[in-house]
Amino acid sequence: MRDLINMVLVLTILSAFSGGILASVKQNTSEKIEFQQLKFEKAPAIKEILAGCSNDPMIDRFKLKDGEKEISFFVGKFDGRVKAIAFETYGKGFEGNIGLMVGVDIETRSLIGVGVTTHSETPGVGSKAKTDPKFAAQFKDLPVAEGFKVKPDGGVIDALSGATITSRGVCLAATDAVNIYNRLENKLKEKLKAYSK
Amino acid sequence: MAKSITQEFVKGLWAEIPPFRLVLGLCPVLAVTKTVENGIGMGLATTFVLICSNILVSMLRSIIPTKIRIACFIIIIATFVTVVELLMQAFTYPLFLKLGIFIPLIVVNCIVLGRAEAFAFKNPVIPSTADGLGIGVGFTLSLAAIGLVREIIGTGALFGVSLFGADYQPFAFMVEAPGAFICLGLMLCIMNLVGNK
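Residues numbered from 1 in each chain as written. Chains lettered and ligands numbered in written order. Predicted model: local features only at pLDDT ≥ 70, side-chain atom pairs only at ≥ 80, totals over all residues. Heavy atoms only, no water.

**Student:** I'm lost on the overall build of chain B in this one. Help?
**Tutor:** Scanning chain B for helices and strands turns up 9 helices and 2 strands. The N-to-C order of helical and strand elements in chain B reads α-α-α-α-α-α-α-α-β-β-α. By its C-alpha atoms, chain B is 60 × 45 × 25 Å across when sized along the principal axes. Out of the 197 residues belonging to chain B, those deemed buried represent 46%. Put simply, of all contacts in chain B between residues at least 6 apart along the chain, 74% involve residues at least 24 apart. Only carbon and sulfur atoms are counted for the fraction: they give 73% of the accessible area of chain B, which is about 9100 Å². For chain B, the distance from the average site of its 12 positive side-chain charges to the average site of its 9 negative ones is 12 Å. (Helix = DSSP H or I, 4+ residues; strand = E, 2+ residues; numbered from the N terminus. Buried < 20%, exposed > 50% of the residue type's maximum accessible area, 1.4 Å probe, protein only. Contact = heavy atoms within 4.5 Å. Areas by Shrake-Rupley, 256 points an atom, 1.4 Å probe, with all protein chains shown as cover. Lys, Arg positive; Asp, Glu negative; His and termini not counted. Charge placed at Lys NZ, Arg CZ, Asp CG, Glu CD.)

**Student:** It is not clear to me how the nonpolar core should be interpreted in this structure. Could you clarify?
**Tutor:** The nonpolar side chains of a soluble globular protein tend to be buried with one another. Among the nonpolar cores identified, the biggest contains 47 residues, and Val49(B), Met88(B), Ile103(B) and Ile106(B) are the most heavily contacted of them. Elements represented by at least two residues in this core include exactly helix H1 (2-49) of chain A together with helix H3 (26-31), helix H4 (36-59), helix H5 (69-91), helix H6 (93-99), helix H7 (110-120), helix H8 (125-155) and helix H9 (177-195) of chain B. The element that contributes the greatest number of residues to this core is H5(B), accounting for 8 residues. Excluding residues within four positions of it along the chain, Ile106(B) makes contact with Met42(B), Ala45(B), Thr46(B), Val49(B), Val81(B) and Val112(B). Core analysis: the second largest hydrophobic core is formed by 39 residues, Val116(A), Ala129(A), Leu142(A) and Tyr195(A) among them. (Core = buried A, V, L, I, M, F, W, Y, C linked by side-chain atoms within 4.5 Å.)

**Student:** Any chance you could explain the interface of chain A and chain B here in plain terms?
**Tutor:** How big an interface is tends to be reported as the loss of accessible area on association of its parts. In this assembly, 19 residues from chain A lie in contact with 21 residues from chain B. Approximately 1800 Å² of surface area, both sides summed, lies buried where chain A meets chain B, with 80% of it carried by carbon and sulfur atoms. Across the chain A-chain B interface, the total number found is 1 salt bridge. For Asp3(A), the salt bridge identified is with Lys67(B), shortest N-O distance 3.2 Å. For the side of chain A that touches chain B, the class distribution of residues is 9 nonpolar, 6 polar and 4 charged. (Buried area = accessible area lost by both parts, 1.4 Å probe. Salt bridge = Lys/Arg side-chain N within 4 Å of Asp/Glu carboxyl O. Nonpolar A, V, L, I, M, F, W, Y, C, P; charged D, E, K, R; others polar.)

**Student:** I would appreciate a short explanation of the packing of H4(B) against H8(B) in the present structure.
**Tutor:** Packed helices, taken two at a time, are described by the angle between their axes plus the distance between the axes. Residue and element names in this part refer to chain B. The N-to-C vectors of H4 and H8 enclose an angle of 165°; their axes lie 8 Å apart at closest approach. As summarised for this structure, H4 and H8 are arranged roughly antiparallel, according to the angle between their axes. Seen from above, H4 lies across H8 with right-handed handedness. Looking at the contact of H4 with H8, its residues break down into 16 nonpolar, 12 polar and 2 charged. (Axes fitted to C-alpha atoms, helices over the stretch in contact; angles between N-to-C directions. Parallel < 35°, antiparallel > 145°, perpendicular 65-115°, else oblique. Left-handed = near helix turned anticlockwise from the far one by under 90°.)

**Student:** What's the story with the sheet that holds strand E5 (residues 110-116) of chain A in this structure? I'm lost.
**Tutor:** Backbone-to-backbone hydrogen bonds join strands into a sheet, with any given pair of strands oriented parallel or antiparallel. Residue and element names in this part refer to chain A. The 5 strands are arranged E1-E2-E3-E4-E5 in an open sheet whose pairing can be described as antiparallel. Each edge of the sheet is formed by a strand with only one pairing partner; in this case those strands are strand E1 (61-66) and E5. Geometrically, the sheet is characterised by an average inter-axis angle of 30° between neighbouring strands, direction not taken into account. Here E1 runs beside strand E2 (residues 69-78); their pairing, made up of 6 bridges, is antiparallel. By the bridge assignment for E2, Lys65 is matched with Glu70. The sheet contacts of H1 involve E1, E2, strand E3 (81-92), strand E4 (97-105) and E5, and relative to E4 the element is tilted by about 50°. Against the sheet, helix H4 (residues 164-192) engages E1, E2, E3, E4 and E5, with an angle of about 140° to E3. (Pairing = 2+ DSSP bridges.)

**Student:** Explanation requested: the pairing of E5(A) in the structure shown.
**Tutor:** Successive side chains on a regular strand alternate, one facing one side of the sheet and the next facing the other. All names here are of chain A. Taken across its 7 residues, E5 has 6 buried, putting it largely inside the fold. Note: E4 against E5, 6 bridges, orientation antiparallel. Bridging from a neighbouring strand, Val104 pairs with Leu111 of E5. Hairpin connection from E4 to E5: 4 residues lie between these consecutive antiparallel strands, with Arg109 at a positive phi of about 55°.

**Student:** When you look at the pairing of E2(A) in this model, what are you seeing that I'm missing?
**Tutor:** Residues and elements named next belong to chain A. In terms of burial, E2 is largely enclosed, as 7 of its 10 residues are buried. What sits between E1 and E2 in their antiparallel hairpin is a turn of 2 residues, with Gly67 showing a positive phi close to 65°. Here E2 runs beside E3; their pairing, made up of 6 bridges, is antiparallel. Residue Val75 lies in a different strand from E3, and its bridge partner there is Ile85. Taking the residues between adjacent antiparallel strands as the criterion, E2 and E3 are bridged by 2 residues, where Asp79 takes a positive phi near 50°.

**Student:** How should I be thinking about the packing of aromatic side chains in this particular structure?
**Tutor:** Aromatic ring pairs are reported here in terms of the distance separating the ring centres and the angle at which the planes meet. Residues and elements named next belong to chain A. Inspection of the entire model under this criterion finds 7 aromatic pairs over all chains. Ring plane angle 50° and centroid distance 5.0 Å describe the contact between Phe73 and Phe87, whose orientation is recorded as tilted. Of this pair, Phe73 sits in strand E2 while Phe87 sits in strand E3, and the two are 14 residues apart along the sequence. Phe87 gets classed as buried once you look at its relative accessible area, which sits at 0%. With centroids separated by 6.1 Å and ring planes inclined at 80°, the aromatic side chains of Phe135 and Phe139 adopt a geometry described as edge-to-face. (Phe/Tyr/Trp six-rings, centres within 6.5 Å; stacked < 30°, edge-to-face > 60°.)

What follows is the structure in structure tokens.
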């Protein structure tokens, strides 16, 4: 009996101790980790989409809640005016989620560009969604009114050859982005006023 | 027979060097040694976990009941691995992206558990630290050595710097998984040839 209590006691204390350490490390690094993810995963895509903007979207960013989820928005200023906004959405690809950075022109209500940030698609096939600029360019200037589909599904997007599911995933993410934008448009414009000084 | 601390350290470098002599922990050895940089990064992460877990296991060896020692070891090791993972995300994000899943897999690396069970649980703190450091450094050197051979032959470059000029046709086989097995086998063979004299 003493043995049993001893075992339970040791494991409990050890687990509690380990939990404590992990919680404090997590808390102290979470800000840094978020910054690193921004810098290495999102920044390249954002720079491409908001190319030519006069501010630094990495600094001019804010968060908004969409239901339960919190989304980071990156502001792009052109000629001194707040003109575009970029944010990340996810779509189910061939293997796991595909992260897509979507840029929206808030004046013309159209896409200014999309770029894949994170994915685990097949190298050389599905991964072309990220590396082939022609694929992403198809989304440029499309209106943010309805969703996007690949051609076999009755849409306008040419799927990557051999990677229909990946292409569908990107379309899903872009469609999601449109929905989010439409849902949050008023709140976004409210927020953006602060940046248009 | 009690060995000196130096002896505990040095044995990890040749007599018990992990991948070659003990042939343990082959999963990261084969998977991440595509380049020297990856090998060293993986080796250092493992060394950190090894030293910390050895110290803690050795300190707690009179408290931990023998029947549940493995469970306690795993809690200790898993805690430190998660700490390493968070720290790598916070400070060396590009390396973290390359090593990916193999960092959490240090938890089940048999070297770490093996040293906790075979050495730290039976020895005082200082020899255990020396043992962890020795095995860790030996592991790092082994990974770096395999990485060196594979990177030079497989890509014709070292640390990303081209060595042989544009005429060199990279022997890409060496950076694939089978190349890792062959490289490890040949190095094991050389070590045995040298060691048996």
